[in-house]
Structures are given as structure tokens and as C-alpha cells.
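Here are the chains, one letter per residue:
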Amino acid sequence: MNRKEALKTMAVAGIGSLAMPALGSSAPPLEPIPMKGNINHSVCQWCYNDMPLEDLVKAAKAMGIKSVELLNAEQWPVALKHGLTCAMAYGSPIGLTKGFNDPSLHAQLLKDYSLNIPKAADAGLKNVICFSGNRNGLTDEQGLENCARGLEPVLKLAAKHNITLCMELLNSKVDHKDYQCDHTEWGVKLAEKTGMDNFKLLYDIYHMQIMEGDVIATINKHKKYIGHYHTGGVPGRHEIDESQELYYPAIMRAIAATGFKGFVAQEFMPAKDPMTSLAAAVKLCDI
């Protein structure tokens, strides 16, 4: 199951549902990974859909990971009761192909986020994800105008609750055809148009390597606008090891050098033993 399919499943079941798939065969490592403290580590739940959420949380905690993310409101307590957070929370079940660039959805999105932003704040969470939606014939400028208009009341509400709204950058070349927020520069223009400090970009390294490359230079140039990071091996979105083209230790050092204090989340689809691969990725990124 990929991100789009996971979001569709959540939309059908409703934002309050909690799926508990069958337990996978992977056992969590017994020893925690000694962390250096320069990177706050998180992991995206949807990549481990064959594993009950509570088992994933326990495994993540055993590794020293601080967050399990991309969870809905009913799932947050599972992470919290084990001393973890949800570093990036869902605020609406609408999904990523339909988003703030569609004015017909603004009322529903405001309703969804008005329900879940206060819940996130009460749970001690800091970041809620959002999406531009697909272009569907819109120009870049039209998409910017529509997104800014739809985001305005949501961002004002979020600011009252000390919540940052992060729009994810996704590739429209391989995985998410027609998605509008598919280049960092477009996302930065939107951030400037909103004029709100609590609007940031979720810089997905995998997606932006596919769309534009120049990852480290982009991170340095636009660090002001980036509120969260996701990983993933290119090509294929599998392990971030020597099988792919990105060198993550250098990217992590660049992120740390910007003074970034948020979270970096592992978001790859394991092609090998899931928990072994997750532990290896965290260790690789802990510079």
C-alpha cells in the first residue's frame, strides 16, 4: 500500500478510525541505537501497514525513535501512551489529490481542520499536514491564489493553538501525477503569499530528488520555509542504503547545519526485513 492508497483507506473509514493490521514477522531490536542528538527521528506509519500500530510504536521506541507519524486523531494516543509523539499529524481525510487549490473544498477543509487542530494541540502535537491537491488544469498562479485563500482561516486557527501547517512537496513525475505543489520554489511562493510564520513546507527528499535534485543547495537556500523532512531511497522509494543514489549522511549534516530542530521521518517502503531496515536507516541518518 502506498501513501495515496493509505489516505484513501483512511477517507473511507473516516478520520477517527484506527486500523490494526496483522502483525508482521519482524521483531524490534532489543538494544536502542545510541543517538548523537543532532537529528530528531520519526517514522511514517503507512510504510508498515502489515504491523499493528502499537507494535510499531514499541519497536520505534526501542530504537530510540521519538515519533511515529502520519496518524489520525484516534491513533495519536497509541504513540503518546508509550512516550512518543506524532511529529506530523493528519488533519483531514480528504487526501492528497484534492486539496487547498480547489475552492469547492475550502469549507470542508476548514471544518476538518477546525475539528482536528484543537485536538492536536490538546495532545501536545505541533505539526499538521496539508496538501495542494492536483492541478486539474489550474495554472501555477491560480493554484497559489486558491491555496492562499483557503489556507488563510485555517492558519489563523492553527496559530491560536500553536500549530504549524506543513504542505508536503510531492513529485508529479513518478508517484503523484498532476500534483501541484511539486517544486520547492512553488511552495516557497505559497509560503510568502500566506504571510504566516506557521505555514511551512514538508520537504520530502525522495520526491524533490526526482523533481529537481540539488537537494543540499535547496535545503540551504530555503531553510526558513522548511518545517519537516521525509526520507526515501531513489529510485524506488526503498531502503536509503548503498542501493540508491542519495547519500543521506551528507544530507543530514546539511540539515543539522541549518539549525533545524524539527523532525526527520523515515518514509521508505522496506524491500528487506522492515525493522532491520528501519534501524539501519536511523543509524545512517544519526550524524
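Note that the structure is a prediction, hence the values are computed from the model and not measured. (Residues numbered from 1 in each chain as written. Predicted model: local features only at pLDDT ≥ 70, side-chain atom pairs only at ≥ 80, totals over all residues. Heavy atoms only, no water.)

Trainee: Looking at this structure, I do not really get the pairing of strand β3 (residues 127–130). What am I missing?
Mentor: Two faces make up the sheet, and in a regular strand the side chains alternate between them. Of the two faces of β3, the one carrying Asn127 and Ile129 and the one carrying Val128 and Cys130 are both buried. As paired strands, β3 and strand β4 (residues 164–168) are joined by four bridges and run parallel to one another. Bridged to isoleucine 129 within β4 is cysteine 166. Chirality of the crossover, the property in question, places the unit of β3, helix α5 (residues 140–160) and β4 among those that are right-handed. (Buried < 20%, exposed > 50% of the residue type's maximum accessible area, 1.4 Å probe, protein only. Helix = DSSP H or I, 4+ residues; strand = E, 2+ residues; numbered from the N terminus. Pairing = 2+ DSSP bridges. Right-handed = clockwise from strand over helix to strand, strands pointing away.)

Trainee: In this structure, what is going on with the environment of isoleucine 94? I would like to understand it.
Mentor: Take isoleucine 94: it is sitting in the loop between α3 (76–80) and α4 (106–122). Judged by relative accessible area, which is 23%, isoleucine 94 ranks as partly exposed. A sequence separation of 18 residues divides isoleucine 94 from aspartate 112, and the C-alpha atoms of the two residues are 8.9 Å apart. Contact partners of isoleucine 94, with chain neighbours within four places excluded, come to Leu105, Gln108, Leu109 and Asp112. (Contact = heavy atoms within 4.5 Å.)

Trainee: Got a minute to help me understand the packing of α4 against α5 in this structure?
Mentor: Packed helix pairs are characterised by how far apart their axes lie and by the angle those axes make with each other. Two numbers describe how α4 lies on α5: the axes approach to 10 Å, and their chain directions differ by 20°. Classified by the interaxial angle, the pair formed by α4 and α5 is roughly parallel. When you trace α4 past α5, the crossing you get is right-handed. Each of His106, Leu110, Tyr113, Ser114 and Ile117 in α4 lies in contact with α5, whose residues at this interface are Asn146, Arg149, Gly150, Pro153, Val154, Leu157 and Ala158. (Axes fitted to C-alpha atoms, helices over the stretch in contact; angles between N-to-C directions. Parallel < 35°, antiparallel > 145°, perpendicular 65-115°, else oblique. Left-handed = near helix turned anticlockwise from the far one by under 90°.)

Trainee: So what exactly am I meant to see when it comes to helix α9 (residues 248–257) here?
Mentor: Since the α-helix advances by 3.6 residues per turn, residues separated by three or four positions end up pointing in the same direction. Restricting attention to buried positions, one finds in α9 the residues Tyr248, Pro249, Ile251, Met252, Ala254 and Ile255. Looking at the buried residues of α9, the elements they touch are α7 (205–211), α8 (215–221), β6 (226–230), β7 (263–266) and α10 (274–285).

Trainee: It is not clear to me how the sheet that holds β4 should be interpreted in this structure. Could you clarify?
Mentor: Pairing between sheet strands relies on hydrogen bonds along the backbone, with the strands arranged either parallel or antiparallel. Spatially, seven strands are ordered β2-β1-β7-β6-β5-β4-β3 in an open sheet, and the strand pairing comes out parallel. At either margin of the open sheet sits one strand with a lone partner, and together these are β2 (67–69) and β3. The sheet shows a mean angle of 30° between the axes of neighbouring strands, taken without regard to direction. Relative to β2, strand β1 (residues 40–44) runs parallel, the two being bridged by three bridges. Looking across to β2, one finds that valine 43 is bridged to valine 68. Of the strands in this sheet, β1 and β7 are in contact with α10, which crosses β7 at around 150°.

Trainee: Please explain the pattern of salt bridges as it appears in this structure.
Mentor: Going through the model one piece at a time under the given rule, you end up with ten salt bridges. A salt bridge links lysine 81 to glutamate 54; its shortest N-O distance comes to 3.0 Å. With lysine 81 in the loop between α3 and α4 and glutamate 54 in helix α2 (residues 53–63), this pair connects stretches of sequence that are 27 residues apart. What emerges from the salt-bridge pattern is a single network uniting Arg135, Asp140 and Asp182. (Salt bridge = Lys/Arg side-chain N within 4 Å of Asp/Glu carboxyl O.)

Trainee: Any chance you could explain empty space enclosed by the protein here in plain terms?
Mentor: Empty space left among the atoms is revealed by rolling a probe the size of a water molecule over them. Across all of its chains, the model carries one cavity of 30 Å³ or more by this definition. Every residue lining the largest cavity is counted, 13 residues in all, and those nearest its centre are Ser92, Gly95, Leu109, Tyr113 and Phe131. Partitioned by chemical class, the residues of the lining of the largest cavity number eight nonpolar, four polar and one charged. (1 Å grid on protein atoms, 1.4 Å probe; cavity = no way out; pocket = protein on both sides within 12 Å on 5 of 7 lines; lining within 4 Å. Points joined across faces, edges and corners; volume = space filled by probe spheres on them. Nonpolar A, V, L, I, M, F, W, Y, C, P; charged D, E, K, R; others polar.)

Trainee: Honestly, the UniProt feature "active site" (unreviewed entry) in the protein chain in this entry has me stumped. Any pointers?
Mentor: Following the UniProt record, one finds the feature "active site" (unreviewed entry) at Glu168 and Glu267. Maximum C-alpha separation among the annotated residues is 12.8 Å over a sequence range of 100 residues, consistent with a single clustered spot. Tracing the backbone shows glutamate 168 in strand β4. The residue glutamate 267 is located in the loop between β7 and α10 in this model. Assessed through its relative accessible area of 0%, glutamate 267 is described here as buried. A polar side-chain atom of glutamate 267 sits 2.7 Å from a polar atom in the side chain of tryptophan 46. (UniProt positions renumbered as here; feature names shortened; annotations may be inferred. Polar contact = N/O pair within 3.5 Å; in protein donor to acceptor, adjacent residues only side chain to side chain.)

Trainee: Which parts of the structure should I look at to understand the nonpolar core?
Mentor: Inside soluble globular proteins, nonpolar side chains tend to come together where they are buried. By size, the foremost hydrophobic cluster in this structure holds 91 residues, and its most contacted members are Leu151, Met167, Ile205 and Met252. It is α5 that provides the largest number of residues to this core, a total of eight residues. (Core = buried A, V, L, I, M, F, W, Y, C linked by side-chain atoms within 4.5 Å.)

Trainee: I would appreciate a short explanation of the packing of aromatic side chains in the present structure.
Mentor: One pass over the full model with this rule turns up three aromatic pairs. Between phenylalanine 100 and tyrosine 113 the ring centres are 5.7 Å apart and the planes differ by 40°, which places this aromatic pair in the tilted class. Separated by 13 residues along the polypeptide, phenylalanine 100 in the loop between α3 and α4 and tyrosine 113 in helix α4 bring together distant segments of the chain. The exposure classification of phenylalanine 100 matches that of tyrosine 113, with both residues buried. Between tyrosine 229 and phenylalanine 260 the ring centres are 4.9 Å apart and the planes differ by 90°, which places this aromatic pair in the edge-to-face class. With tyrosine 229 in strand β6 and phenylalanine 260 in the loop between α9 and β7, this residue pair connects regions lying 31 residues apart in the sequence. By the burial criterion, tyrosine 229 is buried, and phenylalanine 260 matches it. Here the aromatic residues Tyr203, Tyr229 and Phe260 are joined through ring pairs into a cluster of three or more. (Phe/Tyr/Trp six-rings, centres within 6.5 Å; stacked < 30°, edge-to-face > 60°.)

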